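Chain and residue survey
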Amino acid sequence: MRPWPGVLQAFADRLPVSDRTPPLSLREGNTPLVPSVSITRDLPEVELYFKWEGANPTGSFKDRGMVVAVAKAAEAGARAVVCASTGNTAASAAAYAARAGLRCLVVLPEGSVATGKLAQARMHGAVVASVPCSFDQALQLVREASERLHIALVNSLNPYRLEGQKTAAFEILDQLGKPPEAVVLPVGNAGNITAYWRGFSEALPPRHRPRMWGVQAEGAAPIVVGRPVEHPQTVASAIRIGKPASWEGAVRAASESGGRIFAVSDEEILHAQARLAREEGLFVEPASAASVAGLLRLAREGVGIRGAVVAVLTGHGLKDPATAERTPQPVRVEPTVEALASLL
Ligand code: AN7
């Protein structure tokens, strides 16, 4: 087996790269497509798979697009990159900037970023600015800053991000050996659903493309309610976004594919997260569990679902260890076998 080279090299023929693009790679992509062993039983006519994007180098799907965006920034002679982030974009930007020898400025909404993501940005040497505003305001701020300070913007407004992220669709087709009937994924800034739809549209003729189901959190569901949400609220901090940058891309993906964008409650998200961890062995962060929560909601509503369905698990649970606080505390016992036996 040849070693996996990473997204830039593996998909060079389908990405806007050339001989002049630096060969940046943390061996991102090629993430497992894991068959469901338990949740699939709730969906009798469905073959359910999880696209496990938490297996990427920084623990989220952002690495696919970030490697392209940072390599192109380096190719263009940039010395620094900047992004606003609910956390994962920042962690990924910091890692790839470190590897490429670029400076990195990340702008985070104060108090809204999970501990693990913040730790990543700091460890990778990014300059971390915490601003007392929402993610949406932070994104507006970095748009202006990138123009005035001449530093490369690596949010998904950067077209190279979505180009890189579309590669997950190519991998799913390869791993499944056929197009799935549907793909379900969380929607925050709406870049990922836009990118998946682009990938499937490039790879498949119209009638073979999967339905795209995008899931928002009820307290942060601007696309579902049809207008921006000024104070988005949800336990899933990664998708606490009130004015998605790729709003139209998400709407188009859902409508052209015969899918839809809908919302689930925080309770449904946490329930799905617990089931993934306890029944499937997959610890995902809350935002990622929205995909499975959405699928279970569709099943309850009696939406006819059959065939191969892929739920995208966008980020690793270790990024947001606070969610484990809801589970039983460790039990303090004496260091004896008898004490352990009494626990079982
Ligand atoms: C785990 O890092 O927006 O709909 O700034 O971290 O493409 O935004 C993260 C988003 C889903 C939503 N799952 O994807 C950021 C950021 C996880 C995420 C999403 C995010 P988009």
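Residues numbered from 1 in each chain as written. Predicted model: local features only at pLDDT ≥ 70, side-chain atom pairs only at ≥ 80, totals over all residues. Heavy atoms only, no water.

What to know about the sheet that holds strand β3 (residues 80–84)
Ordered by their spatial adjacency, 4 strands build an open sheet running β5-β4-β3-β6, and the pairing between neighbours is parallel. Each edge of the open sheet is held by one strand with a lone partner, namely β5 (127–131) and β6 (152–153). In terms of strand pairing, β3 meets strand β4 (residues 103–109) through 5 bridges, oriented parallel. From the neighbouring strand, Cys-83 faces β4, where its bridge partner is Val-106. Along the sheet, helix α3 (residues 88–100) contacts β3 and β4; its crossing angle with β4, the most-contacted strand, is approximately 170°. In the packing of helix α5 (residues 135–149) onto the sheet, contacts are made with β3, β4, β5 and β6, and the angle to β3 comes to roughly 155°. (Pairing = 2+ DSSP bridges. Helix = DSSP H or I, 4+ residues; strand = E, 2+ residues; numbered from the N terminus. Contact = heavy atoms within 4.5 Å. Axes fitted to C-alpha atoms, helices over the stretch in contact; angles between N-to-C directions.)

Points about the state of the cysteines
Throughout this description, disulfide means a covalent bond between two cysteine sulfur atoms. Summed over the entire model, instances satisfying the criterion amount to 0 disulfides. Free cysteine Cys-83: the closest other cysteine sulfur is in Cys-104, separated by 5.5 Å. Overall, Cys-83 belongs to the buried group, its relative accessible area being 0%. (Disulfide = S-S within 2.5 Å. Buried < 20%, exposed > 50% of the residue type's maximum accessible area, 1.4 Å probe, protein only.)

Side note on the domain arrangement of the protein chain
We note that the domain assignment places domain 1 (7–60 + 161–325) and domain 2 (62–158) within the protein chain. For domain 1 versus domain 2, the separation of C-alpha centres amounts to 22 Å. Between domain 1 and domain 2, the contact holds 45 residues from the first and 36 residues from the second. In total, about 3200 Å² of surface goes out of reach between domain 1 and domain 2, with carbon and sulfur atoms giving 54% of it. When the area that domain 1 buries against domain 2 is broken down by residue, the three leading residues are Leu-24, Arg-161 and Lys-319, summing to 27%. Our enumeration of links across domain 1 and domain 2 arrives at 3 salt bridges. (Domains from an automatic or database assignment. Buried area = accessible area lost by both parts, 1.4 Å probe. Salt bridge = Lys/Arg side-chain N within 4 Å of Asp/Glu carboxyl O.)

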